[in-house]
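# Architecture and fold: a report
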There are 2 protein chains.
Amino acid sequence: MSKKIIIIGGVAGGASTAARLRRLDEKAEIIMFERDEFISFANCGLPYYIGERIKERDRLFVQTPEAMKARFHIDVRIHSEVIHIDTDKKVVRVNSKLRGIYEESYDYLVLSPGAKAIKPNIPGIESSKILTLRNIPDTDRIKSYVDQKDVKNAVVIGGGFIGVEMVENLRERGLNVTLVEAAPHILAPFDSDMAVIPEKELMDNGVRLILGDGVKAFSETGDQIEITLNSDTKLRADIVILAIGVLPDTTFLKESGIEVGARGHIIVNERMQTNKEGVYAVGDAVEVTDYVTKLKTAIPLAGPANKQGRIAADNIAGRNSSYKGTQGTSILKVFGLTAASTGANERTLLKAGIPYKTITIHPVSHASYYPGAVPITLKLIFHEDGRILGAQGVGYDGVDKRIDVIATVIRLGGTVEDLTELELSYAPPFSSAKDPVNMAGYVAQNVLEGRSHITSWDEVTAMKKEDYVLVDVRSELEYQNGHMEGAINIPVDELRERLSELEQGKTIVEYCQVGLRGYIADRILSQNGYRVYNVTGGYKTATTLQL
Amino acid sequence: MSKKIIIIGGVAGGASTAARLRRLDEKAEIIMFERDEFISFANCGLPYYIGERIKERDRLFVQTPEAMKARFHIDVRIHSEVIHIDTDKKVVRVNSKLRGIYEESYDYLVLSPGAKAIKPNIPGIESSKILTLRNIPDTDRIKSYVDQKDVKNAVVIGGGFIGVEMVENLRERGLNVTLVEAAPHILAPFDSDMAVIPEKELMDNGVRLILGDGVKAFSETGDQIEITLNSDTKLRADIVILAIGVLPDTTFLKESGIEVGARGHIIVNERMQTNKEGVYAVGDAVEVTDYVTKLKTAIPLAGPANKQGRIAADNIAGRNSSYKGTQGTSILKVFGLTAASTGANERTLLKAGIPYKTITIHPVSHASYYPGAVPITLKLIFHEDGRILGAQGVGYDGVDKRIDVIATVIRLGGTVEDLTELELSYAPPFSSAKDPVNMAGYVAQNVLEGRSHITSWDEVTAMKKEDYVLVDVRSELEYQNGHMEGAINIPVDELRERLSELEQGKTIVEYCQVGLRGYIADRILSQNGYRVYNVTGGYKTATTLQL
Ligand SMILES: Cc1cc2nc3c(=O)[nH]c(=O)nc-3n(C[C@H](O)[C@H](O)[C@H](O)COP(=O)(O)OP(=O)(O)OC[C@H]3O[C@@H](n4cnc5c(N)ncnc54)[C@H](O)[C@@H]3O)c2cc1C
Ligand SMILES: Cc1cc2nc3c(=O)[nH]c(=O)nc-3n(C[C@H](O)[C@H](O)[C@H](O)COP(=O)(O)OP(=O)(O)OC[C@H]3O[C@@H](n4cnc5c(N)ncnc54)[C@H](O)[C@@H]3O)c2cc1C
Ligand SMILES: CC(C)(COP(=O)(O)OP(=O)(O)OC[C@H]1O[C@@H](n2cnc3c(N)ncnc32)[C@H](O)[C@@H]1OP(=O)(O)O)[C@@H](O)C(=O)NCCC(=O)NCCS
Ligand SMILES: CC(C)(COP(=O)(O)OP(=O)(O)OC[C@H]1O[C@@H](n2cnc3c(N)ncnc32)[C@H](O)[C@@H]1OP(=O)(O)O)[C@@H](O)C(=O)NCCC(=O)NCCS
């Protein structure tokens, strides 16, 4: 007898499960319930359609119910919300616009209900001027709002990926945009030393940025809405986009006995099975294992949702398949800039109690002598045993490539040593003979093996001024154009001759522009008996951090 | 006592060794001999300086003797050719423009003499109109030739990387360019099904391409040079660039007792040591292990030369370090196109007797609904046990990233299964939720597990017409716009209803545009009892191959 499979949710995870299932099992009966009108749409494209970078609304639909029927013989039922599940009888109850409430039985059930935007309980939150973005109706609502001629001012609350994408796209539409973020910095996957770069890009593109300040209340004032922040700063806008995160859309599971975590995420094993027989779950609604820290977490991204859908389908169809965890590889366009990250950041590692080291380098995107080369800021986080734990990259070109390569190394359990050995493609328009990823490996290797003695501006600031001599090892010209307070200047190329200017026994803290010359100075000084620290990231990082 | 190290050759391998050595050992005496006037120049940039994409000649110099002295305290001696080595006495004999012939002793010797352009023994080869490209004087010679107003026609002999780069750059300078390649296709690292794409790009950019025809003779005819090919075709040109490959520049080692291979490559172990005590060798002049086939080979590329230099320095300074082989990752810009490859190609594997499977897909560079998405042709070569053996990619965007990711997987010994699990960065401007690399993994996995039954146009052509039914599963419109001879049309979306049109027991060969719909048709047909083959790469590959 053929299997009967019900899928709840018809977008990333759900539709992926359905399509793969059909390929594996031509005879199965597959029903896909979707609460809304639309299935298989490009969630990730929504901000760009609002910003009119994607011009045609039709382009957002990867599949339609009719096409899913024709190609995959899937019984797609839209406007059909599953409101109850009986996992003993293996029956779901459906509230259908067309057919009213009815039940449908299953052999296998796949949950991919996704997530919903968080709407905190703040005075005035129900204003119709406050919009969230998750699906096509949300998109139509925001876009028709923005299309009105008299909408000039927008406030976006929340500096996560969707918030920043909305900021950019509203700006592209010519609006004045203010971004409000309660944390000290935007983009939580990035450490603060990296997040400052996209923050600057936003400001350079005319965005007003308010950091470390949350929303206390909203109130409508005639045609506008007033936003009161915790600091009592008041903002006015024609439209507010609320993008402070998502929660799993799993309240309908309440009485099902399907196990969920503290915040409502469905608990699954490696095969995407829940605690209930025959019930699988995938996508934004599930709890996953952090691939690096091995702790439980939730990472709402499309790649994992698609992959998990395929894995659930495999297991239902009898192909053994497992999901080994999410490492949180993510990427964002911020106007001209690219910001990408993979694995754990410092904050996560501190919380997990995992010791780590970091280095930051500023290599160029491709051979510097070939036109168009621009610097990348690349931060590598690694364990004392050499394992790569995470990486973050920001720059105008070539960032996605380097983060994807490091994501691959993390996935395959690679080390700093592996980074130095990677043989990546090189011709002048594409990279350097030592790719930035190799370079990060070299620098990290030198740290691990004690050849390079690095410190950070944070640590330097914490030291007593009288305990060290601060040396700027850049050229005289660079020094004159701006240097750290209290630094003396001895260019690295003169260091060997001018050693006598540095008192033996004193600790030397030295820096260059990005760290490379500082490393060479470190090698010269330490081999000449000095106790020396080279500031990682150099003067460039100091400038970025506005020290 | 401090070590005395002599380095022969002052560019990629030599200068890298010198710089790393100094960082490891502040006290060592380091002498670097360079036959020419220039050290540390950007070999890889030379074609682009001739093409005037790199505008300033100075940009080609990464280091100068003075700078190497100042920063690294290296005794750089230019115009100094090492002409003899006594490995017993540990002494080299130098022919110096400044000092005449003299000897210098060493504790350690590092050879990085590089390679020289092959000049075959053909009538007329000594013409001053035939130029090769390896170093700065070569570059100056070619450029000053091209800068003359009356130079209009160039013939480039050899369709390797340097040949094709010269073709592009001479074309950029407005010359009429003919490329002559003796093999059936240009760019040996690529299989013919891939090489045809850059060939088309060359022709689209006005290059005349002559394949499968070698040079028999040259003769000067007044201001021009006449090139006679094996086919007796005659070409005329103002300038000929000869780029048919390189040989190690190692004749000066003849009496040294340092072991070299059949074609003159220096034999080294994993630590870059030759058979003679204290003598190391790196770069284009050495024989390496092919990382995939484990056979001995020679791969003259800058990345390996730089890495090997660092490894030789490590070992001399007492840090254990080994070079595990070269996988030949390489990349080339061909006008707007990028062509990149890593690992073994079909030719190499056939020669090595290693069985393999291949798949070819045509995914888009990033989400198709986001502007600027363009297709990539991505070929994956893998072992029956799942190990990735090689990959080739061609396209207008995003090729370097995908090849670098696969190069990383190969380096870390990864499999097809690993490709499906990689978590790569996704947002619409950068990739798709299933990255092309994931997709290649899926398609290969389906082949390995017998879910997908693929064949190639080669194999189809070899079958008897009466033994199969050829089905085009694309839409009616696509079919009408052009299809394979003899194909009937049943769109995949109608296949389930029209099964009765296909005789049971007959073998079905079916194709779509790129392979995806063909795979779905394969799943439908094979689960309905048909013996079916889906042609990999689909109609697109047929068009590319001009079938
Ligand atoms: C604006 C935006 C931009 C994004 N950009 C990116 C990006 O660039 N990169 C990236 O990796 N990820 C991005 N994401 C995240 C990505 O879209 C999600 O991770 C992915 O869609 C999750 O898939 P899912 O199947 O779990 O949920 P969804 O795709 O949201 O699908 C869930 C569906 O289930 C339906 N549903 C819920 N409950 C029921 C019920 N009881 N009965 C019937 N139907 C129900 C919902 O209506 C919904 O259509 C973005 C998301 C948004 C909103
Ligand atoms: C035009 C061109 C483009 C290239 N493009 C790329 C590319 O895009 N990507 C890539 O990966 N690779 C590229 N390469 C290859 C790359 O440049 C080489 O792999 C690399 O330079 C090899 O380093 P090496 O140290 O072995 O040799 P070289 O860099 O050639 O250095 C050898 C030096 O040794 C000197 N020498 C030789 N014999 C003696 C002697 N007896 N005494 C003293 N000195 C001696 C020579 O004069 C020479 O300067 C390109 C090469 C060329 C010529
Ligand atoms: C499109 C959607 C319905 C899934 O469909 P899908 O058929 O699984 O996915 P694709 O169209 O990418 O095709 C992938 C399949 O084709 C195969 N394939 C791809 N190219 C191929 C080729 N050239 N030859 C043979 N097979 C090929 C793959 O192997 C894979 O099949 P498998 O899973 O059985 O191995 C679902 O992903 C979806 O709804 N997406 C939109 C929503 C979304 O993802 N949102 C978040 C991102 S914006
Ligand atoms: C430039 C050249 C002299 C080598 O110099 P090099 O000092 O080894 O190389 P780089 O300038 O790239 O610097 C790399 C070193 O700086 C370190 N470094 C780089 N960025 C750093 C940073 N931000 N902080 C600390 N250290 C850094 C690396 O760890 C590495 O040191 P290590 O080898 O001791 O680990 C040599 O490669 C050369 O001559 N190149 C031109 C010729 C050539 O390569 N041609 C072919 C390609 S066109």
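Everything discussed here concerns the structure shown above.
In what follows, the accompanying structure is described. (Residues numbered from 1 in each chain as written. Chains lettered and ligands numbered in written order. Predicted model: local features only at pLDDT ≥ 70, side-chain atom pairs only at ≥ 80, totals over all residues. Heavy atoms only, no water.)

## Examining the overall build of chain A
Looking only at helices and strands, one finds 15 helices and 30 strands in chain A. A globule of 547 residues ought to have a C-alpha radius of gyration of about 24 Å, and chain A, at 27 Å, matches this closely. Principal axes of the C-alpha set define a box for chain A whose edges measure 90 × 60 × 45 Å. Residue burial in chain A is summarised as follows: out of 547 residues, 60% are buried. Pairs at least 24 residues apart make up 61% of the contacts formed inside chain A by residues separated by at least 6 positions. Carbon and sulfur atoms make up 49% of the accessible area of chain A, which totals about 21100 Å². (Helix = DSSP H or I, 4+ residues; strand = E, 2+ residues; numbered from the N terminus. Rg over C-alpha atoms; globule rule 2.2 N^0.38 Å. Buried < 20%, exposed > 50% of the residue type's maximum accessible area, 1.4 Å probe, protein only. Contact = heavy atoms within 4.5 Å. Areas by Shrake-Rupley, 256 points an atom, 1.4 Å probe, with all protein chains shown as cover.)

## Here we look at the site of ligand 3
Around ligand 3, the structure places 30 residues, and the nearest of them are Arg20, Arg23 and Ser40 of chain A together with Lys434 and Tyr519 of chain B. This site is not confined to one chain, since residues near ligand 3 come from chains A and B. Interatomic distance of 2.8 Å between a side-chain N/O atom of arginine 310 of chain A and an oxygen atom of ligand 3. A distance of 2.8 Å separates an oxygen atom of ligand 3 from a polar atom in the side chain of asparagine 446 of chain B. Taking 960 Å² as the accessible area of ligand 3 by itself, protein coverage stands at 90%. Among the elements of the structure, α1 (12–24) and α7 (302–316) of chain A together with α11 (436–448) and α14 (516–527) of chain B are those that each provide at least two residues to the shell around ligand 3. (Near = heavy atom within 4 Å. Polar contact = N/O pair within 3.5 Å; in protein donor to acceptor, adjacent residues only side chain to side chain.)

## Comments concerning the interface of chain A and chain B
Each side of the interface is counted separately: chain A has 82 residues, and chain B has 81 residues. In total, chain A and chain B occlude about 7700 Å² of area from one another, counting both sides; carbon and sulfur atoms represent 53% of this. Sorting the residues of chain A by area buried against chain B places Arg71, Tyr369 and Glu423 of chain A first, and these three jointly supply 11% of that buried surface. The tally of links from chain A across to chain B stands at 40 residue pairs in polar contact (both at pLDDT 80 or more). Where the side of chain A that touches chain B is concerned, the elements lending two or more residues are α1, α3 (65–72), α7, β21 (330–334), α9 (399–411), α10 (416–421), α11 (436–448) and α14 (516–527) of chain A. Here the residues of the side of chain A that touches chain B sort into 31 nonpolar, 22 polar and 29 charged. (Buried area = accessible area lost by both parts, 1.4 Å probe. Nonpolar A, V, L, I, M, F, W, Y, C, P; charged D, E, K, R; others polar.)

## Topic: the site of ligand 4
Around ligand 4 sit 30 residues, and of these Lys434 and Tyr519 of chain A together with Arg20, Arg23 and Ser40 of chain B come closest. At ligand 4, the nearby residues belong to more than one chain, namely chains A and B. Glycine 515 of chain A places a polar main-chain atom, nitrogen or oxygen, 3.1 Å from a nitrogen atom of ligand 4. Between serine 16 of chain B and ligand 4, the recorded distance is 3.1 Å, taken from a side-chain N or O atom to an oxygen atom. Elements with a contribution of two residues or more to the shell around ligand 4: α11 and α14 of chain A together with α1 (12–24) and α7 (302–317) of chain B. Residue contributions to the shell around ligand 4 peak at 6 residues, all from α1 of chain B. Grouping the constituent residues of the shell around ligand 4 by class yields 19 nonpolar, 7 polar and 4 charged.

## Focus: the sheet that holds strand β28 (residues 488–489) of chain A
Residues and elements named next belong to chain A. Read across the open sheet, the 5 strands follow the order β26-β30-β29-β27-β28; overall the sheet is parallel. Two strands in the sheet have a free side with no partner beyond their single neighbour: β26 (454–455) and β28. In this structure, strand β27 (residues 468–472) lies alongside strand β29 (residues 507–511), joined through 5 bridges in parallel fashion. Pairing of valine 469 across the sheet is with isoleucine 508, part of β29. (Pairing = 2+ DSSP bridges.)

## Looking at the packing of aromatic side chains
Using the criterion set out here, one finds 12 aromatic pairs over all chains in the structure. Measuring from centroid to centroid gives 6.1 Å for tyrosine 511 of chain B and tyrosine 539 of chain B, while their planes differ by 20°, and the two rings are stacked. Placement of tyrosine 511 of chain B in strand β29 (residues 507–511) and of tyrosine 539 of chain B in helix α15 (residues 538–544) is noted, with a sequence separation of 28 residues between them. Neither residue differs from the other here; tyrosine 511 of chain B and tyrosine 539 of chain B are each classed as buried. By way of ring pairs, the aromatic residues Trp457, Tyr511 and Tyr539 of chain A are connected into one cluster. (Phe/Tyr/Trp six-rings, centres within 6.5 Å; stacked < 30°, edge-to-face > 60°.)

## Let's talk about the relation of the copies chain A and chain B
Note on the copies: chain A fits chain B at an RMSD of 0.0 Å, the axial shift is 0.0 Å, and the rotation between them is 180°. These values place the two chain copies in the arrangement generated by a two-fold rotation axis. The residues that chain A uses at the interface reappear at the interface of chain B in 99% of cases, marking a shared surface. (Least-squares fit on C-alpha atoms with pLDDT ≥ 70 in both.)

## Comments concerning the pattern of salt bridges
Inspection of the entire model under this criterion finds 82 salt bridges over all chains. Note that glutamate 104 of chain A and lysine 4 of chain A form a salt bridge whose closest N and O atoms lie 2.6 Å from each other. Here glutamate 104 of chain A, found in strand β6 (residues 100–105), pairs with lysine 4 of chain A, found in strand β1 (residues 4–8); they are 100 residues apart in sequence, far enough to count as distant. Looking at lysine 4 of chain A, the relative accessible area reads 13%, which means it is buried. Between arginine 71 of chain A and aspartate 493 of chain B there is a salt bridge whose closest N-O contact spans 2.8 Å. Taken together, the positions of arginine 71 of chain A in helix α3 and aspartate 493 of chain B in the loop between β28 (488–489) and β29 put the pair across two chains. One salt-bridge network, held together by shared partners, links Arg20, Asp314 and Arg319 of chain A together with Glu417, Glu449 and Arg451 of chain B. (Salt bridge = Lys/Arg side-chain N within 4 Å of Asp/Glu carboxyl O.)

## What to know about the environment of valine 240 of chain B
Residues and elements named next belong to chain B. For valine 240, the location among the structural elements is in strand β16 (residues 239–242). Residues valine 240 and isoleucine 142, 98 residues apart in the sequence, show an inter-C-alpha distance of 9.6 Å. Residues within four places of valine 240 in sequence aside, it is in contact with Lys129, Ile130, Leu131, Val155, Ile157, Phe218, Ile225 and Ile227.

## Notes on helix α6 (residues 192–204) of chain B
All names here are of chain B. Taking 1.5 Å of rise per residue, 13 residues should cover 18 Å, and α6 covers 18 Å from first to last C-alpha, within 8% of that figure. Looking only at α6, the buried set comprises Met194, Ala195, Val196, Ile197, Pro198, Glu199, Glu201 and Leu202. Looking one or two residues past α6, glycine 206 carries a phi angle of roughly 80°, positive in sign. (Expected span 1.5 Å × (residues − 1).)

## Description of the sheet that holds strand β2 (residues 29–33) of chain A
All names here are of chain A. Within the open sheet, the 5 strands sit side by side as β3-β2-β1-β7-β18. Their pairing is parallel. Unpaired on one side and paired on the other, β3 (75–77) and β18 (279–281) mark the two borders of the sheet. Averaged over all adjacent pairs, the angle separating strand axes in this sheet is 15°, with direction ignored. For β1 and β2, the ladder comprises 5 bridges, and the chain directions are parallel. Across the sheet, the residue bridging to lysine 4 is glutamate 29, located in β2. Of the strands in this sheet, β1, β7 (108–111) and β18 touch α7, which is tilted by about 160° from β18. (Axes fitted to C-alpha atoms, helices over the stretch in contact; angles between N-to-C directions.)

## Things to note about the nonpolar core
Counting 64 residues, the largest nonpolar core has Leu380 of chain A together with Leu380 of chain B as the members making the most contacts within it. Every residue in contact with leucine 380 of chain A, bar those within four places of it in the chain, is listed here: Lys357, Thr358, Ile359, Ile388, Gly390, Ala391, Ile406, Leu419, Ala440 and Ala444 of chain A. One finds Tyr519 and Ala521 of chain A together with Val282 and Tyr323 of chain B within the second-largest nonpolar core, a separate group that totals 61 residues. (Core = buried A, V, L, I, M, F, W, Y, C linked by side-chain atoms within 4.5 Å.)

## Observations concerning the environment of valine 92 of chain B
All names here are of chain B. With respect to the helices and strands, valine 92 occurs in strand β5 (residues 91–96). With relative accessibility at 0%, the residue valine 92 sits in the buried group. In this structure the C-alpha to C-alpha distance between valine 92 and threonine 415, which are 323 residues apart in sequence, comes to 48 Å. Those residues in contact with valine 92 that lie beyond four places of it in its chain are Ile6, Phe33, Val82, His84, Ile85, Tyr102, Glu103, Glu104, Tyr106 and Leu109.

## Describing the side chain of histidine 265 of chain A
In this fold, histidine 265 of chain A is placed in the loop between β17 (246–248) and β18. Not counting residues up to four positions away in its chain, the partners in contact with histidine 265 of chain A are Pro248, Glu259, Val260, Asp284, Ala285, Val286, Glu287 and Ala298 of chain A.

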